[in-house]
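An overview of the molecular structure
The chain contents come next:
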Amino acid sequence: MENFQFGALRLRRCVRVLQDPRWFPAWSVVLVAAEAVLVSAIIFLVPYTEIDWVAYMQEVEGFLNGTWDYTQLRGDTGPLVYPAGFVYVYSALYHLTEKGSEVWLAQCVFGVLYLCNLSVVLAIYCKVAKPLGLPPVLLLFLGCTAYRVHSIFVLRLFNDPVAMFLLYTAVLLFLTDHWMVGCVLYSVAVSVKMNILLFSPGLLAAMLLTHGWAQTIPMLLLCAMVQVVLGLPFLLANPLGYLTRAFEFQRQFLFQWTVNWRFLPEWVFLHRGFHLALLVMHLVTLAAFAKKHWAQDKGFLQWKRRVSEPLLAHGTVYMHTSLFVKQANCYRHSQDTFH
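For clarity, every value in this text was computed on a predicted model and none was experimentally measured.

**Here we look at the overall build of the protein**
Along the backbone of the protein there are 14 helices and two strands. Considering the protein as a whole, with its 339 residues, one finds that 45% of them fall into the buried category. At a minimum sequence separation of 6, the contacts of the protein that also span at least 24 residues come to 76%. Accessible surface, the protein: about 17300 Å² in total, of which carbon and sulfur atoms supply 69%.

The structure is reproduced here in C-alpha cells:
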C-alpha cells in the first residue's frame, strides 16, 4: 500500500512538472540539447536532397559578378523571385561554401541556425507561458512533430529557415519591448522571403494594441525604409524590374509542388478563378476573425497607448493567428511556414 501511495505521489509530481509553466526553461534546455544530437545525426547520416541550392547559388553568382538588374538574375529553376535580403544571405553562403560546392558546410550552418531558431522559439514560449497558462507538455509536441522542420533546415537549405529565424527574433524583441529593433528585423525577414508578410495583420494589431497610432505609424515607416535600403542597389539599376520580381503577387505555382491541393484536378488548381476564390476566403476569414477577437479591445482606436506585459503576450498571439487563418484557407500552395 505504501509503495502504491509513493508511486502515485511520484506520478503526480511528474504531471505537475509537465503542467507548471515555471518548468518551461528547464525543459527547453533539455529539448535543445536533444535536438543538437538529432540534427548532427541527420546531417551525417541522412542523404542531402538537392532541390534549390544550386539554383540559389547561380542566382547570387550573377549578383556577385556585377549584375544588379533583377530581371537578369536567374538559375536552373527560373528567374530570381526573392527580395534583396535573400541575395545578401546566400551571397555570404556562396563565399563560405566555396561557391556552393561544400554543401555539407552549408548543412552545418543551417544546423546551427535550426538550434538558434529553436532556442528563440522556446524563449518566446517561456516569455508567454505564464501569462497564457501554457504547460511545458507542449514542448513534447514541438519536438515530436518537427520532422518537416528538420528537413527544410538541413536537408533542403531553403530560405524559409533564415526568414523565420529573423521573424521569431523580432517577436522576442517585441515581447521585451524593443519594438524599433524588432521592426528592423521583421522587415529584414520580409526581404528574405515575402511570405513573412502573412504575419503583418497580426503585427499591426499588436502595434496598435501596445502603442496606439502615434507610435505605430513611425514603426511602419521604419519597416518600409529598411526595404528601400536593402533593395537600393537593385532599385537604382532597374526599379520596376526589382519590384515586379522580388514582390510578385501574381506568380503561378506549379501543380507538381502542391501539398494541400493534390486531390484536385490540375486544371482546377491552375485556374485563376480558384486562386481568386481562395484569396477572397482568406480576406473574409481574416476580417471576421479580427472583428470577433482583435477588435474587442478599444485600444485599437487610441492615438497613444502603453500596455502591460501580459497584453504583450496576447499581441504575439495576434501575429500567429493571422498566419493560422492563412493556413486554414491554404492560399499559398507549396511550402507552408513551419513552427
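The rest of the description comes next.
**Quick notes on the nonpolar core**
Grouped together as the largest cluster of nonpolar side chains are 69 residues, with contacts concentrated most on Tyr90 and Tyr186. No other element matches helix α5 (residues 103–132), which puts eleven residues into this core. In contact with Tyr186, not counting residues within four places along its chain, are Leu167, Ala170, Ile196, Leu197, Phe199, Ser200, Leu203 and Cys223. One finds Trp261, Val268, Phe269 and Phe274 within the second-largest nonpolar core, a separate group that totals six residues.

**Overview of a nonpolar patch on the surface**
Where nonpolar side chains cluster on the molecular surface, the patch consists of Trp23, Trp27 and Val30 and spans about 280 Å² of accessible area. Mapped onto the elements, Trp27 comes out in helix α2 (residues 24–45). On the basis of relative accessibility, which here comes to 30%, the residue Trp27 falls in the partly exposed class.

**Quick word on the packing of helix α9 (residues 179–192) against helix α10 (residues 200–237)**
Between α9 and α10, whose axes approach to 8 Å, the crossing angle comes to 55°. As judged from the angle between their axes, α9 and α10 are oblique. Both α9 and α10 take part in a crossing whose hand is right-handed.

**What to know about unusual backbone geometry**
Despite not being glycine, Glu98 has its phi angle at roughly 55°, a positive value. Taking the relative accessible area as the measure of exposure, Glu98 reaches 53% and is therefore exposed. Residue Asp177 is not a glycine yet carries a positive backbone phi of 70°. For Asp177, the location among the structural elements is in the loop between α8 (160–175) and α9.

**Overview of the confidence of the model for the protein**
The share of residues in the protein with pLDDT of 70 or more is 72%, and the mean pLDDT across the chain is 80. Taken element by element, the predicted model of the protein shows its lowest mean pLDDT in helix α14 (residues 309–329) (50) and its highest in helix α4 (residues 84–96) (96). Within the model, the stretch residues 324–339 combines pLDDT values under 50 with 60 contacts to residues more than four positions away or in other chains.

**Things to note about the packing of α10 against helix α11 (residues 239–246)**
Geometrically, a packed helix pair is captured by the angle between its two axes and the distance between the axes. Where α10 meets α11, the axes come as close as 5 Å, and the angle between the chain directions of the two elements is 125°. On the basis of the axis angle, α10 is oblique to α11. Residue-level contacts link Gly231, Phe234, Leu235 and Ala237 of α10 to Pro239, Tyr242 and Leu243 of α11. Looking at the contact of α10 with α11 residue by residue, the classes come out as six nonpolar, one polar and no charged.

**A few points about the side chain of Ser187**
Tracing the chain through its elements places Ser187 in helix α9. Beyond its immediate sequence surroundings of up to four residues, Ser187 is in contact with Cys223, Val226 and Gln227.

**Notes on the pattern of salt bridges**
One pass over the structure, following the stated rule, counts one salt bridge. Linking Lys193 and Asp160 is a salt bridge whose minimum nitrogen-to-oxygen distance equals 2.9 Å. Taken together, the residues Lys193 in the loop between α9 and α10 and Asp160 in helix α8 connect sequence positions 33 residues apart.

Calculation criteria
- Residues numbered from 1 in each chain as written.
- Predicted model: local features only at pLDDT ≥ 70, side-chain atom pairs only at ≥ 80, totals over all residues.
- Heavy atoms only, no water.
- Helix = DSSP H or I, 4+ residues; strand = E, 2+ residues; numbered from the N terminus.
- Buried < 20%, exposed > 50% of the residue type's maximum accessible area, 1.4 Å probe, protein only.
- Contact = heavy atoms within 4.5 Å.
- Areas by Shrake-Rupley, 256 points an atom, 1.4 Å probe, with all protein chains shown as cover.
- Core = buried A, V, L, I, M, F, W, Y, C linked by side-chain atoms within 4.5 Å.
- Patch = residues over 30% accessible without salt bridge, like charges linked within 9 Å, V, L, I, M, F, W, Y side chains within 5 Å.
- Salt bridge = Lys/Arg side-chain N within 4 Å of Asp/Glu carboxyl O.
- Axes fitted to C-alpha atoms, helices over the stretch in contact; angles between N-to-C directions.
- Parallel < 35°, antiparallel > 145°, perpendicular 65-115°, else oblique.
- Left-handed = near helix turned anticlockwise from the far one by under 90°.
- pLDDT = per-residue confidence, 0-100.
- Nonpolar A, V, L, I, M, F, W, Y, C, P; charged D, E, K, R; others polar.

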